[in-house]
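Inside the fold
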Amino acid sequence: MKADFTSLPFKPADILLPQGCDYDKWSVVACDQYTSQPEYWQRVEERVGRAPSALRLILPESSLDGPQVEMDIMDINATMARYVREGRFKTLPGAMIYVERTLFDGRVRRGLVGMADLTGYDYEPGSDALIRATEGVVMSRIPPRVAVRKNASIELPHAMLLCDDPQRTVIEPLGGQTGGMELLYDFELMEQGGHIKGWLLTQAQREQVAGALSALADPAAFNARYGTQDRPVMLFAVGDGNHSLATAKECYERQRRLVPPERRDSIPARYALCELVNLHDDSLEFEPIHRVVFHTDPAALLDALARRWPGARGGTQGDGPALRYVRAQDEGTLALPDGAARLPVGALQSFLDDYLMDHPGRVDYIHGEDVAREFAARPGNIAFLLPPLDKRELFPSVIRDGALPRKTFSMGEAHDKRFYLEARKIRE
């Protein structure tokens, strides 16, 4: 019997690819990057100019609090409709795309573009869904994203799912089969994004992927892999785009309440386009996401942080997590006592959430130590430099303890993030 995707939460999709445009101007990085570096988005704006671009179909998070945000969202939705009306896209029905992304440092990240079934995804703490969030979802961050998506006719994905496939059975075999595939795109990405190539899977290759995923999803094999007993299968973890996928789920739940029960399973919003990547891909490294607090009193913040946990002291020696900080005049480490938190990011994030409710300051999440240090050098700012997470611990940690603290890790540097390219209709 041929393997298929019937019982799997990741499936082929009717994928839209732009046509009649320069891909190197069309494709831009994920909207949640460079939020404190508006000069990045200004350079992208200047490079794109008046050319057709995914830039016109997304709202960079740096603009979410802008004075014209409602007008910006209306413009995005209108541009989506215009691009569809003008035939800006060609449709690849029932498709999956094998992707090779050569990163700026020369490493190659391999992925597979398809759609996630949102009925198999849950971001709530303690979820036992096939697709689980890897970080806590901040509910206050969902409404502005819903505002962008709720009236959108198409989606452009930057969410990346991870599978724990140490034997490399799902994605890697496709790398040796590209000679029998149709090459769909092959171009340089802007702003140190590297190079990207994509091929269309054949029917036989889609069946091959379905068989490999079905083997990973086998309950007995799953529990043997993690040394558990009768645990519900976690097939995918959300590597990037936790809040984007949560937004897609919320929009789906809203739409399904507005249609007759017999139509709820078939509405396009039930699915979200994304890229699947193997956790064990050699190019995939988990980078820490640092915290920078802007426009605050760094000395008062550090004093409050030390008082939060009796027994905290300066230096690197301690029974609990250690927090490295950098400010304009110095840098140092605050060692927390045992029991403060399992991970340094957990201790820091819980403190900042409480502290900034009653004190001046704004926190941002920064990729790259150099950038965090640059911000920390300015008066009124303080940066906390966090250690990387061992990627081998991701699946066992989420299975055992649930989602990690938000913004615990990043899959590479900001310029390694997924660039918008493919699209999919999400409204009938």
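Given the structure is predicted, the values throughout are model-derived calculations rather than measurements.

The subject of this paragraph is helix H7 (residues 242-256). Structurally, the α-helix is built with 3.6 residues per turn, so residues lying three or four positions apart point the same way. Between its first and last C-alpha atoms H7 spans 21 Å; for 15 residues at 1.5 Å apiece the expected length is 21 Å, and the two agree. Every buried residue of H7 is accounted for by Asn-242, His-243, Leu-245, Ala-246, Thr-247, Ala-248, Lys-249, Cys-251, Tyr-252 and Gln-255. Buried residues in H7 make contact with strand E6 (121-122), helix H4 (142-149), strand E9 (160-163), strand E12 (236-240) and strand E13 (271-278).

Further remarks concern unusual backbone geometry. In this structure, Arg-168 is a non-glycine residue whose phi angle is positive, near 55°. With respect to the helices, strands and loops of the structure, Arg-168 is situated in the loop between E9 and strand E10 (182-189). With a phi close to 60°, Asp-230 is a non-glycine residue in the positive phi region. Structurally, the position occupied by Asp-230 is in the loop between helix H6 (219-226) and E12.

This next bit is on the nonpolar core. Counting residues in each nonpolar core, the largest one holds 85 residues, and the members touching the most others are Leu-161, Leu-276 and Leu-394. With seven residues, the top contributor of residues to this core is helix H9 (residues 344-358). Every residue in contact with Leu-161, bar those within four places of it in the chain, is listed here: Phe-10, Ala-116, Ile-131, Phe-236, Ala-237, Val-238, Gly-239, Leu-245, Cys-274, Glu-275, Leu-276 and Val-277. Ranked by size, the runner-up nonpolar core spans 53 residues in total, among them Val-29, Ile-73, Ile-196 and Tyr-420.

Along its 17 residues, helix H3 (residues 69-85) runs 24 Å from first to last C-alpha, staying within 8% of the 24 Å computed at 1.5 Å per residue. Taken together, the buried positions of H3 are occupied by Val-69, Ile-73, Ile-76, Asn-77, Thr-79, Met-80 and Tyr-83. Buried residues of H3, seen end-on, are gathered within an arc of 160° and therefore sit on one face of the element. Away from its buried face by more than 90 degrees, H3 exposes Glu-70, Met-74 and Arg-85. Buried residues belonging to H3 abut helix H1 (23-26), strand E3 (89-95), H4 and strand E8 (154-155).

Once that is clear, we can look at the packing of aromatic side chains. Scanning the entire structure with this criterion turns up 15 aromatic pairs. Here Phe-286 and Phe-409 contribute two aromatic rings whose centre-to-centre distance is 4.2 Å and whose plane-to-plane angle is 15°, an arrangement assigned as stacked. Pair noted here: Phe-286 is in strand E14 (residues 286-294) and Phe-409 is in strand E20 (residues 409-411), with a separation of 123 residues, a long-range link. An identical accessibility class is assigned to Phe-286 and Phe-409; each is buried. Taken together, the ring pairs in this structure connect Tyr-23, Tyr-185 and Phe-187 into an aromatic cluster. Above the plane of the ring of Tyr-83 lies Arg-88, whose end atom (NZ or CZ) is 5.9 Å from the centre. Sitting above the plane of the Trp-309 ring, Arg-308 keeps its charged end 5.4 Å from the centroid.

Note on placement: Arg-327 falls in strand E16 (residues 322-327). Under the relative-accessibility criterion, Arg-327 is labelled buried at 16%. At 2.6 Å, the side chain of Arg-327 and the side chain of Asp-330 are in polar contact. If near-sequence neighbours (up to four positions away) are discounted, Arg-327 is found in contact with Pro-298, Ala-299, Leu-302, Ala-376, Asn-381 and Ile-382.

Here we take up the side chain of Arg-109. Along the chain, the position of Arg-109 falls in strand E5 (residues 108-117). Buried and unpaired, Arg-109 has Glu-275 as its nearest opposite-charge partner, separated by 4.9 Å. For Arg-109, the side chain forms a polar contact with the main-chain oxygen of Asp-416, separated by 3.0 Å.

This brings us to the pattern of salt bridges. The full count for this structure, using the stated rule, is 28 salt bridges. Of the charged contacts, one joins Arg-270 and Asp-265 as a salt bridge, the two residues approaching to 3.9 Å between their closest N and O atoms. The class of Arg-270 is buried, set by a relative accessible area of 14%. The partner of Glu-422 in a salt bridge is Arg-418, and the shortest N-O contact between them spans 2.9 Å. Of the two residues, Glu-422 and Arg-418, both sit in the buried class.

Criteria and thresholds
- Residues numbered from 1 in each chain as written.
- Predicted model: local features only at pLDDT ≥ 70, side-chain atom pairs only at ≥ 80, totals over all residues.
- Heavy atoms only, no water.
- Helix = DSSP H or I, 4+ residues; strand = E, 2+ residues; numbered from the N terminus.
- Expected span 1.5 Å × (residues − 1).
- Buried < 20%, exposed > 50% of the residue type's maximum accessible area, 1.4 Å probe, protein only.
- Contact = heavy atoms within 4.5 Å.
- Core = buried A, V, L, I, M, F, W, Y, C linked by side-chain atoms within 4.5 Å.
- Arc of directions from axis to C-beta.
- Phe/Tyr/Trp six-rings, centres within 6.5 Å; stacked < 30°, edge-to-face > 60°.
- Lys NZ or Arg CZ within 6 Å of the ring centre and 35° of its normal.
- Polar contact = N/O pair within 3.5 Å; in protein donor to acceptor, adjacent residues only side chain to side chain.
- Lys, Arg positive; Asp, Glu negative; His and termini not counted.
- Salt bridge = Lys/Arg side-chain N within 4 Å of Asp/Glu carboxyl O.

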